[in-house]
Amino acid sequence: MTTKTKKVRKAVLPVAGLGTRFLPATKAIPKEMLTVVDKPLIQYAVEECIASGIEHVIFVTGRHKNAIEDHFDLSPELESFLEQRGKADLARLVHDIGRGVQFSYTRQSEALGLGHAVLCAADLVGDEPFAVLLGDVIMEGAVPATRELVEIYEATGSGAIHVERVPRERVHLYGIVDAKPEKESRWGEKVLRITNLVEKPSAEKAPSNLGVTGRYVLPPEIFGYLAKTKPGTGGEIQLTDGLCRLAEDNKLLACIYDGKTHDAGDKLGFLQATVDFGLKDPKLGKAFRAYLQGLKL
Ligand code: G1P
């Protein structure tokens with residue numbers, strides 16, 4: 001850690017979205033509670049936080065999202081019911097969900113964009129660096145994705161975000177960065193200095209094919225920039241536009257992610273994640289693989 005940087009203790013998880021891409025499933029259930037095998041999507045992100053040393057998870061939530069709060073709260077009735085039935089292992093499984101971190105909730109009452117959602121957490125974060133995790137993206141790698149960014153932030157004092165190469169026909173779905181090699185970086189070619197970002201550009205206007213994956217570690221200065229950010233792409237206050245100001249200050253790095261990104265916010269990506277995690281499941285994997293191999297495709 002440089003003498004100036006503070007430890008990254010907090011993470012902001014924006015979960016106020018309506019999840020319209022998954023209707024009718026999301027009519028009464030938050031998108032974040034859709035399950036990949038047997039865990040709600042949002043639990044994967046919270047587990048990544050815990051594995052990354054985060055101590056305090058701040059959900060930016062909205063109406064009809066109570067299931068998320070309940071999921072990360074204790075459930076003494078369910079636990080004692082399971083224990084009385086001799087299912088101590090399940091009782092422990094339920095008990096351990098989200099243990100070890102503090103949770104706070106604040107609301108984004110209007111759907112004004114991702115940048116606005118992050119800004120809603122400003123008071124809870126305060127004057128310290130923080131992570132942002134988009135819960136519909138599951139990042140799977142040897143090192144927890146957020147931890148990798150925390151290490152870059154704590155060593156350099158610059159914000160750090162994960163990027164990955166995306167096919168040209170998909171650049172319009174991502175924030176795309178313009179970046180140059182970082183001189184004398186201990187991470188070699190994996191870490192680049194961002195000079196500009198564009199939210200969801202056309203293939204013709206994209207400055208590169210490096211797409212923002214949905215993991216960020218940012219200094220608190222971003223809040224001042226977001227407060228001044230006007231609606232941009234899609235009429236929304238974009239986090240990407242606030243990040244451009246950090247890049248102008250020469251304070252934003254891109255880390256090329258070398259794990260696997262599952263974009264479960266998209267129906268096809270969600271199905272693919274279900275297959276990938278199903279195949280890896282210690283109890284189901286073997287039978288599931290045999291089932292898939294038997295399909296006459
Ligand atoms: C958001 C961000 C975008 C990023 C993407 C990753 O877009 O605005 O910059 O590349 O997440 O999933 P969304 O997918 O929420 O429209």
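Note: the structure precedes this text.
Residues numbered from 1 in each chain as written. Predicted model: local features only at pLDDT ≥ 70, side-chain atom pairs only at ≥ 80, totals over all residues. Heavy atoms only, no water.

Asker: Provide a residue-level description of the site of the ligand, including the pertinent values.
Answerer: Close to the ligand lie Leu114, Leu134, Val137, Tyr174, Gly175, Glu199, Lys200, Val212, Thr213, Gln238 and Thr240. In the model, an oxygen atom of the ligand is placed 2.7 Å from a nitrogen or oxygen of the Glu199 side chain. Between the ligand and the protein, one listed contact pairs an oxygen atom with a side-chain N or O atom of Thr240 at 3.5 Å. Protein coverage of the free-state accessible area of the ligand, which is 380 Å², stands at 79%. Residue composition of the shell around the ligand, by class: five nonpolar, four polar and two charged. (Near = heavy atom within 4 Å. Polar contact = N/O pair within 3.5 Å; in protein donor to acceptor, adjacent residues only side chain to side chain. Areas by Shrake-Rupley, 256 points an atom, 1.4 Å probe, with all protein chains shown as cover. Nonpolar A, V, L, I, M, F, W, Y, C, P; charged D, E, K, R; others polar.)

Asker: Can you tell me about unusual backbone geometry, naming the residues and giving the values?
Answerer: In this structure, the amide linkage connecting Leu23 to the following residue, Pro24, adopts the cis form with an omega of 5 degrees. For Pro24, the position within the fold is in the loop between strand 1 (10–14) and strand 2 (35–36). One non-glycine residue with positive phi stands out, namely Val37, at about 65 degrees. Within the secondary structure, Val37 is located in the loop between strand 2 and strand 3 (39–40). Within the chain, Asn250 stands out as a residue other than glycine whose phi angle is a positive 65 degrees. If you trace the backbone, Asn250 turns up in the loop between helix 9 (239–248) and strand 12 (252–256). (Helix = DSSP H or I, 4+ residues; strand = E, 2+ residues; numbered from the N terminus.)

Asker: Talk me through the nonpolar core; I want residue IDs and the actual numbers.
Answerer: Grouped together as the largest cluster of nonpolar side chains are 31 residues, with contacts concentrated most on Phe130, Ile161, Leu197, Tyr216, Leu218, Leu243 and Leu252. By residue number, the principal contributor to this core is helix 9, which donates five residues. Excluding its chain neighbours within four sequence positions, the residues that come into contact with Leu218 are Pro129, Phe130, Val132, Gly159, Ile161, Leu239, Leu243, Leu246 and Leu252. Ranked by size, the runner-up nonpolar core spans 28 residues in total, among them Ile54, Ile68, Ala131 and Tyr153. (Core = buried A, V, L, I, M, F, W, Y, C linked by side-chain atoms within 4.5 Å. Buried < 20%, exposed > 50% of the residue type's maximum accessible area, 1.4 Å probe, protein only. Contact = heavy atoms within 4.5 Å.)

Asker: So what's going on with the side chain of His262? Residues and values would help.
Answerer: Assignment of secondary structure puts His262 in strand 13 (residues 260–263). Excluding anything up to four places from it in sequence, His262 contacts Asp136, Val137, Ile138, Glu140, Ala273, Asp276 and Phe277.

Asker: Would you mind going over the environment of Ile42 in detail, with residue names and values included?
Answerer: Secondary-structure assignment places Ile42 in helix 1 (residues 41–51). Considering only alpha carbons, one finds Ile42 and Pro30, 12 residues apart in sequence, at a separation of 10.0 Å. In contact with Ile42, other than residues within four places in its own chain, are Leu13, Val15, Glu32, Met33, Phe59, Phe72 and Gly135.

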